[in-house]
Structure formats: structure tokens, C-alpha cells
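Residue-level structure breakdown
Read off the chains here:
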Amino acid sequence: MQFYLRNDYIPKVSRYSYPVKSFAGIDALSEQETLPLAYCSYGYNIGFRNGALINGIGIDNAVINNSALPGTGAFGKRIVRCWIYYKYNYTLRQREDEIVVLCDDGAVYTTLLDGGTAFTQTTMSFSGATASAINYHYNGEDILLLFGSSGGMYVYNGATAVFYANVPGFTSVCLHYERIYGTTGYGFNRVYFSDDLNPTNWNVSLTEAGYISFPDEGGRVGKVLSFNDYVFIFRDYGIHRLTAYTDLTEYKLTKVFSTANRIYPDTVQICGDRIIFVAEDGFYSFDGYTAKKVFSQLFPLIDGKKHAVSCYFNYKYYLSATLKTDGQTVGDEDEGNMKNNGMIILDLDLSDVSVFRGGDVGSFLPVNVGDICALLVTFNNYRSSRLGLVSESGRLFEKPLLKLWRSPKTGFSQLSGDKVLRRIYLTANQPLSVTVCGECEKQRQVYSSPQVQLLPVNDKASAFSVSIATISDSLYLSGLLMEFDIIKRRYA
């Protein structure tokens, strides 16, 4: 019989602390294994401020100077489009700004921006139920020009509206060197421009109005903007720069950007010194000469862009679109029939980002006049007879919104050992639910306390992710600390 001594090998255990000192924002593009836990791979109704995780925006009742704005529910009509008519009464020396809305019956209604108590139906109407508008100073007074997508234009001065039938149907308009430029939605693929200093004259000639045709493969014209002394024409698959002065013989058209991915015209916005827009393959920043992709790490959050709309307000680019979901029902999603279900907000000044989910925003209405600075919105769903006000409430009117932050699932580049997440330390100013996903899911509840709380986990896995969720309207989390044991594998 042969005897031998048994020599067991106990793998070495090393204790590591993994601090998340600040939250690094959202990256839904990179491979999760390559990202630190400080990043968010998926989330909604959250924002980031100076490295802290905070709740995202909310939408409340539209209130201007402590006065609630009316809706069109009394008429039983849905708001399709809306504009601000910036009107100054030069005789009384007072502002008389109005909110002008186009409803689904084709009729146009108005109310005072400051102090309006009810919408009043005007004599204006459009059979196509879509229109564009632009503020204009004409014959010594502030007027609003409203263009129907099927043709015709109204000149509205706050009291009366005069109709001009010989105006082409426009889907987008802009003002450049005292001419109105407009893109057609139907018929010929053209950009029309009015006579110099006369927006009511659209007679095509070498001395009055005219148009530019686009018969090539660039697709339909969808948006026209006046930017940096040029007119920029956005088509399905390209951008043209038009050098346009008062003399028609000096016009010069240059194609400055071409792409194989469709540009969504309702996402094109002038944002200070650049234009931001969404194409089929990402966000783009355009300075008038070149277009480059920006915020690529956020684009995978978008699931659909068919009804996408945008605006620029307070140095931020707001995009309403269809965002990807995670099986949870948030906000108005339980009602169904939504065209858009969320927003992505890009802070172009601080490079921060926030994501809103749960509301079907159909259009934006930025207001900057006098002491009023507000962002109003309309809706595509059952809320479409009222206006909303973007706020920091973290709620959708009376509904609390679930807020979620989810880290990437990562193995911390530790290939030679097994990981055991022992505990998590954090300080929470509100109740939270923390879920750790390793070999299985473990959920821990956190109560509101200024003291540091310890969450025992004791879960072994090759990779981990952490999710933080709450319905609190005052989310604020500055960081957390995780303790791991790295167990060296016996035969590694």
C-alpha cells in the first residue's frame, strides 16, 4: 500500500473597492464589457448634473405668469400645430402676443399668451390640416403669415385675416433678406421665394418671385433655414447652400452635404452657431460647410423616427421620438396609440444629456418674450386638446414617472479570477430600488436617509451590472461604492 500527503491549494482572495465617484452619462453604443460601471447603458427619466445622477424633466400644466393657458377641449378639437404670434401694439405701447393653434378640423384658433382664458376661432382655415407660419413686420405692424400645405396664405394682424390664394403649398418656411422661402410638400420638387419686401407677391418672374427646382437624386426638399447669411435647403439625402441676395441674377446654389441615409426634416434646428439634425444613422452637427456625427453614444436609444420633432431652447436640443423600451410601462404608455414615447435632451453648452420617457410630444413651442421664458409642448395622444409646460418636476402632469439608471454588464477586465460582489455603500436622499444582475438578480431596497447605507449582496458571477430605479420626483445620487472579492482560479 502506498501512502501520500494531501496538499490542498486554497485560492488567494483579494478584496477590491470599486468607487463610482461620479456618473459619467449615457453610452448605449459601446460594448458593455468595455465600459466602467459609472456609465449608463440604458435609462430614462434621468439626467446628469456635475457628475450627479438626477431626475429628468417633467411636463406640467401650461402656466404663464401664474395664469393657466386654456385648451381646445371645449371645442372637442385636437391641436395639430401651434405658433407664437409676436405682436407689439405700437399705439398702446404694449405686448399683445398670441398663441395660434391649428386644430384637426382645419380651423385656426387664438388666445392671448399672457392672460388668455379661452381659445377663439378665427376666420382662417386649411383643408389640408397642416400649415407653417412665420412672424413678419409689414407696413408698420407685426403680422403672422400662415401658409397651408395644400396652398394659400393668410396675413393675420390680430384682428383680421386676408387670404391670398395664389401662394404655393408649403411645409417649411423661413425669412431671408426680406424674402420668404418655402419648401413644397406636394407636386413639383421646388423651393419658392417671394418678391423682395412683399410676402404677398408670388408671381414668378425675373424681377418678382421665383423658384428653384431639384430634379436630381437628392430626394424631396423638406426644410429651409436662414443661417449664417445663407439659405440652407435640406432634402432627403443632402443639403444645399443658397447664396441669395435681392438681385436674382446673383443667386448661387451649392451642394454641401450628401448622404445615403435619410434626413428627417422636422428634426432640423438652428442651435446657436450650428444646425443639429437627425438622419437615419445618427445625430449630426452642421456648421454651414461640413456635417459630422455627434452624440453617437445616445443614438441607439432611439427606436423610431417617423414622427420625430425637435426644437432648440435654453441652449438645449430637444428631440421627441420613439425610444426603446424595457418591458416596463411608463407614463402614458399604458394608454397605447402613441406616435412618440419620449425625448432626448442634449445640453449643447455643458455637454450633458437627459432622457424623458412616458409622454407623446407632438410639437414644441419655445417662448422667449419679455419676462416669459418657457417651453410649451403639444401631444399626439389623448392629451392633444391641451398644452403642456416642460419643467423639472419629474412628473407627467399628475402621473409619477419611473426613473431608471442601468450600468453596463462588465467583468472589470479581471479574467484570472471569479468575482464576488459583497456589498454596496451609498447615501440616498430618496427611496431607491437597487438591482444587481450577476448569475441571478438580487434586489435591495434603500430608504431615504442622510447616512451611509450598506446593502449586502454576496453574489458570485463573471460579470455584473447594477440598476437603480425610483418613482421619487427628487432623485439625487452623487455616487456609490462597491466591494468585490476577486478569487484566483485554482488552475489559472
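Below is a short write-up of the structure. Sequence order as written defines residue numbering, which begins from 1 separately in each chain. Two thresholds apply to this predicted model, a pLDDT of at least 70 for residue-level local features and 80 or more for giving and counting side-chain atom pairs, whereas whole-chain, interface and lining totals are computed over all residues. Excluding hydrogens and water, the side-chain figures rest on all heavy atoms present in the structure.

1. So, the overall build of the chain
Basically, it comes down to this: Segments assigned H or I by DSSP are reported as helices when at least four residues long, segments assigned E as strands when at least two residues long, and all are numbered from the N terminus. Remark: exposure states derive from per-residue accessible area (1.4 Å probe, protein chains only) relative to the maximum for the residue type, with buried under 20%, exposed over 50%, and partly exposed in between. In this analysis, two residues are considered to be in contact whenever any of their non-hydrogen atoms come within 4.5 Å of each other.
Tallying secondary structure elements over the chain gives zero helices and 46 strands in all. Principal axes of the C-alpha set define a box for the chain whose edges measure 115 × 50 × 35 Å. The buried share among the 492 residues of the chain stands at 54%. Pairs at least 24 apart in sequence give 56% of the contacts found in the chain among residues at least 6 apart.

2. Regarding the sheet that holds strand 27 (residues 274–279)
Our working definition: Following DSSP output, two strands are said to pair if at least two bridges run between them. Note on method: axes are straight lines fitted to C-alpha atoms, helices fitted across the in-contact stretch only, with angles between N-to-C directions ranging 0 to 180 degrees.
Taken together, the four strands give an open sheet; going across it, the order is 26-27-28-29, and neighbouring strands pair in antiparallel fashion. Taken across any chain shown, the strands that pair with only one partner, and hence form the sheet edges, are strand 26 (269–271) and strand 29 (291–294). Going from strand to strand, the sheet's axes swing by 35 degrees on average, the running direction of each strand aside. Pairing geometry for strand 27 and strand 28 (residues 282–286), over five bridges, is antiparallel. The residue bridging F277 from the neighbouring strand is Y284, located in strand 28.

3. Re the packing of aromatic side chains
Heads up, the condition is: Note on aromatic contacts: the rings of Phe and Tyr and the six-membered ring of Trp form a pair at centre separations within 6.5 Å, being stacked when their planes are under 30 degrees apart, edge-to-face when over 60 apart, and tilted otherwise. Any Lys NZ or Arg CZ that is within 6 Å of a ring centre and within 35 degrees of that ring's normal is treated as a charge sitting over the ring.
Scanning all chains against the criterion turns up 28 aromatic pairs. Between the aromatic rings of F75 and Y109, the centroid separation amounts to 4.8 Å while the plane-to-plane angle is 45 degrees, which identifies the pairing as tilted. Highlighted residues: F75 in the loop between strand 7 (67–68) and strand 8 (79–85) and Y109 in strand 12 (residues 107–112), separated in sequence by 34 residues. On the basis of relative accessible area, Y109 is assigned to the buried category, the value being 2%. Here the aromatic cluster, defined as three or more aromatic residues joined through ring pairs, consists of F227, Y230, F232, F234, F257, F277, Y284 and F286. Across the ring face of Y44, the terminal group of R357 is positioned such that the distance to the ring centre comes to 4.5 Å. The ring of F397 is capped by R386, whose NZ or CZ atom sits 4.1 Å from the centre of that ring.

4. Quick notes on the environment of P300
Mapped onto the elements of the fold, P300 is located in the loop between strand 29 and strand 30 (302–313). Under the relative-accessibility criterion, P300 is labelled partly exposed at 21%. Note: C-alpha distance between P300 and S285 (15 residues apart in sequence) is 17 Å. Beyond its immediate chain neighbours, meaning those up to four positions away, P300 contacts A28, L29 and K324.

5. Some remarks on the side chain of D236
Condition: The charged-residue count follows a simple rule in which Lys and Arg add positive charge and Asp and Glu add negative charge, with His and chain termini not counted at all. We define a salt bridge as a side-chain nitrogen of Lys or Arg found within 4 Å of a carboxyl oxygen belonging to Asp or Glu.
Topologically, D236 is positioned in the loop between strand 23 (230–235) and strand 24 (238–243). As a buried residue without a salt bridge, D236 has its nearest oppositely charged side chain in R262, at a separation of 4.2 Å.

6. Concerning the environment of V446
Within the fold, V446 resides in strand 42 (residues 441–446). Between the alpha carbons of V446 and L426 there is a distance of 9.0 Å; along the sequence they are 20 residues apart. When sequence neighbours within four positions are dropped, the list of residues in contact with V446 reads L426, A428, Q430, P431, L432, V434, Q453 and L455.

7. Concerning the environment of A118
Note on placement: A118 falls in the loop between strand 12 and strand 13 (120–125). Along the primary structure A118 and T72 are separated by 46 residues, whereas in three dimensions their C-alpha atoms are 8.1 Å apart. Ignoring any residue separated from it by four or fewer positions in sequence, one finds A118 in contact with P70, T110 and T111.

8. Some points on the pattern of salt bridges
Within the structure shown, the criterion is met by 19 salt bridges. For D326, the salt bridge is made with R406, and the minimal N-O distance between the two is 3.9 Å. In this pair, D326 is assigned in the loop between strand 31 (316–323) and strand 32 (342–347) and R406 in strand 39 (residues 403–406), connecting sequence segments 80 residues apart. By relative accessible area, which is 30% here, R406 ends up partly exposed.

9. So, the side chain of R383
Among the structural elements, R383 can be located in the loop between strand 35 (372–379) and strand 36 (388–391). What R383 contacts, discounting residues up to four positions off in sequence, is D332, L396, F397, E398 and K399.

10. Details of the state of the cysteines
Short version of the rule: Any two cysteine sulfur atoms within 2.5 Å of one another count as a disulfide.
Scanning all chains against the criterion turns up zero disulfides. In this structure C82 is a free cysteine whose sulfur lies 10.0 Å from that of C103, the closest cysteine sulfur available. Here C373 stays free of any disulfide, with the sulfur of C311 as its closest cysteine sulfur at 11 Å. Under the relative-accessibility criterion, C373 is labelled exposed at 51%.

11. Section: the sheet that holds strand 19 (residues 179–184)
Taken in spatial order, the four strands line up as 18-19-20-21 in an open sheet, and their pairing is antiparallel. Since the sheet does not close on itself, it has two edges, and those belong to strand 18 (170–176) and strand 21 (210–213), each with one partner. Averaged over neighbouring strand pairs, the angle between their axes works out to 20 degrees when direction is ignored.

12. So, the pairing of strand 12
Strand 12 sits mainly inside the fold: five of its six residues count as buried. Counting the residues that bridge the hairpin from strand 11 (residues 98–103) to strand 12 gives three residues, and of these G106 lies at a positive phi of roughly 90 degrees. Across three bridges, strand 12 lies against strand 13 in antiparallel orientation. Residue pairing across strands places T110 opposite T120, the latter belonging to strand 13.

13. Digging into unusual backbone geometry
Backbone geometry at L197 places phi at a positive 65 degrees, although glycine is not the residue there. Counting through the fold element by element, L197 comes out in the loop between strand 20 (190–193) and strand 21. In this model, S351 sits at a positive phi of 60 degrees, which is unusual for a non-glycine residue. Structurally, S351 is set in the loop between strand 32 and strand 33 (353–357). Owing to a relative accessible area of 56%, S351 belongs among the exposed residues under this scheme.

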